Amino acid sequence: MNENRWAVSLSVYLHLVPVWVFGKSIACVRATTALVTTFGVAGGALALREMRNRLWWSAPLVAGATALLFVHARLGFESVMMASFFFLFLWAYSLYRERGPRWIIAVLIFGAATFYAYTAGQGVMLVTGIALFFSDFRHHVRVMRARPALLAGAFLLALVLASPYVRYRRLHPGAVQSQLALLDSYWTQPLPLSRKLGLFARTYAEGFDPRYWFRPNLEEGERHRMGERPFFPPVFAPLVAIGVFVCLRRFRESSLHRAVLLSSLGVPFSAAAANLQVLRLLAMLVPATLLTVVGLDWLFRRLVRLPLPAAPIALALGLALGLENGRLTRNALGGATAWTRDFGFYGIQWGAPQIFGAIREELRHSPNAEVMLTSAWANRPQELIAFFLDDAETARVHLRDIREWDLHPKPLNGNEEFVMTGEEWNVAIESGKFAVDAPFRTIPYPDGSPGFRFVRLRYSEDATALFAAEAAARSMPQTEDAIVGGERWRVEHSRSDLGSVADLFDGRRDTFLRGLEANPMFVDIRFPSARPLREVVMSLGATPLFHATVRAFLGSGEARVAELTGANRPAQDEFTFGLPGAPVLATRVRIEVTDGDGSAPANVEFREIRFR
């Protein structure tokens, strides 16, 4: 899900026909992903057959024995499609090298599919494409001289395949920068270029670290792994090492062995632009599978020289890999409790079919009910609402958190049915502001513990007094220190719920200090000594209307005032406030920003403040 950002995604289009034919369902999404994955691993096997690998048929079983593929394919992640098309790209490239130049068309098509399937595929194809172009440069030149018409056709096809990306970049020129900022990439931070390049090199190298792949990686989210299983079985590690050895030994004589080895170089490229995360690295499945089978083939050829019968050895290998595939399947069908006990937002985000099945029943039974569904249990749950419910049902389901009613008094007319997590249930019970009825419906987690409670609420007799006391406490400002240019500045500001004052002076507009509810929100900065000041430059969060006032106080206590009213949606880079009579010697600057007309609480965002 791209949330509120733009990204190319071929997987959206691949799901269109199955959904049109079979309708929206989890089974349809998973089956489509599984079908593409099947074709992909079959392509990997066929690429190995072009390499004269006697165990080429084992590639699907090798890939299926990895928790990396198993988890992500069954959950329908688009990164699996990227890896699948990468398999097919290498198969097409092997045909191009072994069967004839006409297969360059398939190379371009599957390369583009890899590129568009998932954002990380762009880095995979960029590096792999360059590596294969130069490693087989003489062959490409011979093809161009012998088949100029084919070359012209391939060139035109490449232009057509590139046009969606060119159009995307023209329509959304800041999309890549926004994506990097969202990932908190060091490329968006005010660091020297040498430091950024060093971070890139280090992160890129970490993508090849065997410990990441062959040891349990508990830093990755629960939904991206199967308990404590490593992404690749540890027994594959020596086989991959043998595969690397074989490919290096045959690097000069065999273009296909070169392609297998070089295919790994592009995998960490995109991930290294921010930080390692398995979805961005999932294409490592491709070289790992191929190298494992190359290593198996090397061992197999030596075993049959002993001599040992080839058929029983191959059969034993197939049975061992098949059993491992079966074991993973059995664990998955046995339920999520087979490998986790974390079912919430930071776990496997369990419960969508169960929750929405129950919501549909409640909507049918209670025509006036409005369901307030917790937003704290899954990524982008609004997309799940549209997936599981029709338009009429969607209009009666709202993503809400009980904390909204706990923070400010809001109407409760008796038709609201709250669907809460355990944490939200505790908030409702412990706040003292609610008279909470017993849940009229509970959806248990797979381990039997209460997962989601359907609850009706009303305010308690003490709610008014409690709200008043909390509002008074929240109106008290906060004071923090910030180190700016070696100086310690004392900063007083309205109570915040996100960020810190250091985010106001870090040179980045993707970090911010957000007010909890103050409208206007103020930031009051005291300098250790008077400083010359001509203007204040500020960036803010998006809002349709704001009014900002900047007051620069002189040593005498006199204030120079600059004001601005405007719109900031979409968010502009900066607003500049020129001070009357500038330059002035200021000891203190107070900035107030009002969202809208100031009549309602607001989350005002101060992103960056600079003084000139």
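Read on for an overview of the structure. (Residues numbered from 1 in each chain as written. Predicted model: local features only at pLDDT ≥ 70, side-chain atom pairs only at ≥ 80, totals over all residues. Heavy atoms only, no water.)

1. Points about the overall build of the protein
Along its length, the protein carries 25 helices and 18 strands. Dimensions of the protein along its principal axes, counting C-alpha atoms only, are 95 × 65 × 45 Å. The proportion of buried residues among the 612 residues of the protein is 49%. Considering only intrachain contacts with a sequence separation of at least 6, the fraction spanning at least 24 residues in the protein is 71%. Element-wise, carbon and sulfur atoms account for 59% of the exposed surface of the protein, whose accessible area totals about 29600 Å². Computed over 66 positive and 56 negative side-chain charges, the inter-centroid distance for the protein is 13 Å. (Helix = DSSP H or I, 4+ residues; strand = E, 2+ residues; numbered from the N terminus. Buried < 20%, exposed > 50% of the residue type's maximum accessible area, 1.4 Å probe, protein only. Contact = heavy atoms within 4.5 Å. Areas by Shrake-Rupley, 256 points an atom, 1.4 Å probe, with all protein chains shown as cover. Lys, Arg positive; Asp, Glu negative; His and termini not counted. Charge placed at Lys NZ, Arg CZ, Asp CG, Glu CD.)

2. Focus on empty space enclosed by the protein
Throughout the structure, instances matching the rule amount to 2 cavities of 30 Å³ or more. The computed volume of the largest cavity comes to approximately 60 Å³. Elements that contribute at least two residues to the lining of the largest cavity include exactly helix H6 (78-98) and helix H15 (255-262). The residue makeup of the lining of the largest cavity, split by class, is 8 nonpolar, 1 polar and no charged. Considered as a void within the structure, the second largest cavity measures approximately 30 Å³ in volume. Lining the second largest cavity are Met 372, Thr 374, Arg 400, Asp 401, Ile 402, Phe 418, Val 419, Met 420 and Glu 424. Top element by residues in the lining of the second largest cavity is strand S3 (residues 416-420). It accounts for 3 residues. Looking at the lining of the second largest cavity, its residues break down into 5 nonpolar, 1 polar and 3 charged. (1 Å grid on protein atoms, 1.4 Å probe; cavity = no way out; pocket = protein on both sides within 12 Å on 5 of 7 lines; lining within 4 Å. Points joined across faces, edges and corners; volume = space filled by probe spheres on them. Nonpolar A, V, L, I, M, F, W, Y, C, P; charged D, E, K, R; others polar.)

3. Comments concerning the side chain of Ser 185
Residue placement: Ser 185 occurs in the loop between helix H11 (175-182) and helix H12 (193-206). Within the structure, the side chain of Ser 185 is placed 3.1 Å from the backbone nitrogen of Trp 187, a separation counted as a polar contact. Once you skip the residues sitting within four places of it in the chain, Ser 185 turns out to touch Leu 180, Ala 273 and Ala 274. (Polar contact = N/O pair within 3.5 Å; in protein donor to acceptor, adjacent residues only side chain to side chain.)

4. A short note on the sheet that holds S3
Read across the open sheet, the 5 strands follow the order S2-S1-S3-S6-S5; overall the sheet is mixed. Of all strands in the sheet, those bounded by a partner on one side alone are strand S2 (397-399) and strand S5 (441-444). The sheet shows a mean angle of 20° between the axes of neighbouring strands, taken without regard to direction. Sheet analysis places strand S1 (residues 370-373) next to S2, joined by 3 bridges and oriented parallel. Bridge assignment links Leu 373 to a residue of S2, and that residue is Leu 399. (Pairing = 2+ DSSP bridges. Axes fitted to C-alpha atoms, helices over the stretch in contact; angles between N-to-C directions.)

5. A closer look at the pairing of strand S6 (residues 450-455)
Across the 6 residues of S6, 5 count as buried, placing the element largely inside the fold. Bridging between S3 and S6 involves 3 bridges; their strand directions are antiparallel. If you follow Phe 418 over to S6, its bridge partner there is Val 455. As defined by bridge partners, S5 adjoins S6 across 4 bridges and the pair is classed as antiparallel. Looking at the pairing, Arg 441 lines up with Phe 454 of S6. Where S5 folds back onto S6 in an antiparallel hairpin, the turn is made up of 5 residues, including Gly 448, whose phi is positive at roughly 95°.

6. Structural notes on the packing of aromatic side chains
By the definition in use, this model includes 34 aromatic pairs. Judged by centre distance (5.5 Å) and plane angle (35°), the ring pair of Tyr 186 and Trp 187 falls under tilted. Judged by its relative accessible area of 7%, Tyr 186 falls in the buried class. An aromatic cluster of at least three residues, connected via ring pairs, comprises Tyr 212, Trp 213, Phe 214, Phe 231 and Phe 232. One residue, Lys 410, lies across the ring of Trp 405, its end atom 4.4 Å from the ring centre. (Phe/Tyr/Trp six-rings, centres within 6.5 Å; stacked < 30°, edge-to-face > 60°. Lys NZ or Arg CZ within 6 Å of the ring centre and 35° of its normal.)

7. Here's the deal with the packing of helix H18 (residues 285-303) against helix H19 (residues 310-333)
Closest axis-to-axis distance for the H18/H19 pair is 10 Å, and the angle between their directions is 150°. Comparing their axes, H19 and H18 come out roughly antiparallel. The element H18 and its partner H19 pack so that their crossing is right-handed. Counting all contacts with H18, which are made through Leu 296, Phe 300 and Leu 303, the residues of H19 involved are Ala 310, Ile 313, Ala 314 and Leu 317. Taken together, the residues of the contact of H18 with H19 break down into 7 nonpolar, no polar and no charged. (Parallel < 35°, antiparallel > 145°, perpendicular 65-115°, else oblique. Left-handed = near helix turned anticlockwise from the far one by under 90°.)

8. What to know about the packing of helix H7 (residues 104-117) against helix H10 (residues 148-171)
At their nearest, the axes of H7 and H10 sit 10 Å apart, and the two run at 10° to each other. One way to sum up the angle between H7 and H10 is to call them roughly parallel. Remark: the crossing between H7 and H10 carries right-handed chirality. Contacts between H7 and H10 involve Ile 104, Ile 105, Leu 108, Ile 109, Ala 112, Phe 115 and Tyr 116 from the first element and Leu 150, Ala 154, Leu 157, Ala 158, Leu 161, Ala 162, Pro 164 and Tyr 165 from the second.

9. What about unusual backbone geometry?
Put simply, Asn 519 and Pro 520 share a cis peptide bond, and its omega is 15°. Here Pro 520 is to be found in the loop between strand S11 (513-515) and strand S12 (521-533). Look at Arg 52: it is not a glycine, yet its phi comes out positive at around 65°. Considering the arrangement of structural elements, one finds Arg 52 in the loop between helix H3 (26-50) and helix H4 (59-64). Judged by relative accessible area, which is 55%, Arg 52 ranks as exposed. Here Gln 349, not a glycine, exhibits a phi torsion of approximately 55°, which is positive. Positionally, Gln 349 belongs in the loop between H19 and helix H20 (352-365). For Gln 349, a relative accessible area of 15% gives the class buried.

Purely geometric stuff here, so don't read any function into it on its own.
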